[in-house]
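# Examination of the molecular architecture
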Amino acid sequence: MKYVQEIAVVRKRLIIEMGMGIDQHGQQPTVAAARAVRNAIAHNALPGVWEVAGLNDPNEMIVEVQVAVPYPEQVREAEVLAVLPFGRKTLTVESGGMVVQGKAIASLNDKNDEMLIAVASVTVLIET
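This text gives an overview of the structure that appears in the document. Every chain is numbered on its own, with residues counted from 1 as its sequence reads. Reporting of local features is limited, given that this is a predicted model, to residues whose pLDDT is at least 70; pairs of side-chain atoms are given and counted only at 80 or more, and all residues count toward the totals for whole chains, interfaces and linings. Values shown for side chains rest on all heavy atoms present in the structure; no hydrogens or waters enter the calculation.

### Description of the pattern of salt bridges
Stated formally: Within this document, salt bridges are pairs made up of a side-chain nitrogen of Lys or Arg and a carboxyl oxygen of Asp or Glu, the two lying within 4 Å of each other. Where helices and strands are cited, they refer to DSSP runs of H or I of at least four residues and of E of at least two residues respectively, numbered from the N terminus. For the exposure calls, accessible area comes from a 1.4 Å probe over protein chains only, and a residue counts as buried if that area is under 20% of its type's maximum, exposed if over 50%, partly exposed in between.
On inspection of all chains with the given rule, the structure shows five salt bridges. Here E64 and R11 are joined by a salt bridge, their closest N and O atoms 3.3 Å apart. Here E64 is found in strand 2 (residues 62-69), whereas its partner R11 is found in strand 1 (residues 11-23), with 53 residues between them in sequence. Since its relative accessible area comes to 44%, R11 is described here as partly exposed. With a closest N to O distance of 2.5 Å, R76 and E79 form a salt bridge. Exposure remark for E79: the relative accessible area of 41% places this residue in the partly exposed category. A network of salt bridges, in which partner residues are shared, links R11, E64, R88 and E127.

Put into C-alpha cells, the structure is as follows:
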C-alpha cells in the first residue's frame with residue numbers, strides 16, 4: 001500500500017492597508033480605484049515578508065485587493081492591479097465610494113460635474 005502525505009496550506013494575513021482615491025476630472029472609476037490602491041500602499045515597507053514569513057521572492061505574496069467605487073462595472077481590472085509591484089494579485093470590485101458634485105471643465109475632458117471617490121483595502125497574505 002502506498003500512503004500519500006497531505007500537507008495543509010494555510011493562508012495567513014500579514015498586513016491590511018486602506019486607501020482612498022479620487023478622480024476629480026474625467027469621471028473614470030478605474031482612475032479613482034487605482035489611486036485608492038496606490039494610496040493604500042504608498043507609505044509602507046514589508047520587511048516581514050522576508051524576515052518573518054521567510055519568502056524568497058516578493059511574488060510569492062498573495063495580494064487581495066477590494067475596491068468600492070461608483071460605476072464598478074466600468075473598472076478595468078488590469079490597470080488597477082498594475083499599481084501593485086509584486087504578488088499574486090486578485091481584485092474584487094463592488095459598488096460604493098461616493099459621487100460628489102464638482103465642476104465640469106471642458107479642457108479637462110469632463111463629461112459632467114461628478115467627482116468619483118473610491119476606497120480600497122489591500123491585504124497581503126502568505127501561505128504556510
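Let us keep going from here.
### Focus on the layout of surface pockets
Note the threshold: Cavity: a set of points on a 1 Å grid over the protein atoms alone where a 1.4 Å probe fits but cannot get out. Pocket: an open set with protein on both sides within 12 Å along at least five of seven lines, its lining residues, like those of a cavity, having an atom within 4 Å of a point. Grid points are joined across faces, edges and corners, and a volume is the space filled by probe spheres set on the points.
Taken as a whole, the largest pocket spans an internal volume of roughly 220 Å³. As for the largest pocket, its lining consists of 14 residues, of which N44, L46, M61, P85 and F86 are closest to the centre.

### Topic: the pairing of strand 2
We apply this condition: One requirement defines pairing of two strands: DSSP has to find at least two bridges between them.
Burial of strand 2 is extensive: six of the eight residues sit out of reach of the surface. In terms of strand pairing, strand 2 meets strand 3 (residues 88-95) through eight bridges, oriented parallel. Bridge pairing in strand 3 links Q66 to T92. Where strand 2 and strand 5 (residues 114-127) come together, seven bridges link them in antiparallel fashion.

### A word on the nonpolar core
Under the convention used in this document: For the purposes of this section, nonpolar cores are sets of buried Ala, Val, Leu, Ile, Met, Phe, Trp, Tyr and Cys residues that join through side-chain atoms within 4.5 Å.
Ranked by size, the top nonpolar core spans 27 residues in total, and within it V37, M61, V65, V67, L84 and V122 carry the most contacts. Going through the elements one at a time, helix 1 (29-41), strand 2, helix 3 (77-81) and strand 5 are the ones with two or more residues in this core. With seven residues, the single largest contributor to this core is helix 1.

### Points about helix 1
Spelled out, the test is: One fewer than the residue count of a helix, multiplied by 1.5 Å, yields its expected span. In what follows, a contact means two residues having at least one pair of non-hydrogen atoms within 4.5 Å.
Given a rise of 1.5 Å per residue, 13 residues ought to cover 18 Å, and the 19 Å separating the end C-alpha atoms of helix 1 matches this to within 8%. All of the buried residues along helix 1 are P29, T30, A32, A33, A34, A36, V37, A40 and I41. Lining the buried residues of helix 1 we find strand 1, strand 2, helix 3 and strand 5.

### Focus on the side chain of Q27
Formally: Polar contacts here mean pairs of N or O atoms no more than 3.5 Å apart (in protein, one a potential hydrogen donor and the other a potential acceptor; neighbouring residues in sequence count only if both atoms are side-chain atoms).
With respect to the helices and strands, Q27 occurs in the loop between strand 1 and helix 1. For Q27, a relative accessible area of 4% gives the class buried. Polar side-chain contacts of Q27 include one of 3.2 Å to the side chain of D110. Not counting the four nearest positions on each side in its chain, Q27 is found in contact with N109, D110, K111, N112, E114 and L116.

### A few points about the side chain of T30
Note on placement: T30 falls in helix 1. Separated by 3.4 Å, the side chain of T30 and the backbone oxygen of Q74 make a polar contact. Contacts of T30, omitting those with residues within four sequence positions, involve Q74, V75, R76, E79 and V80.

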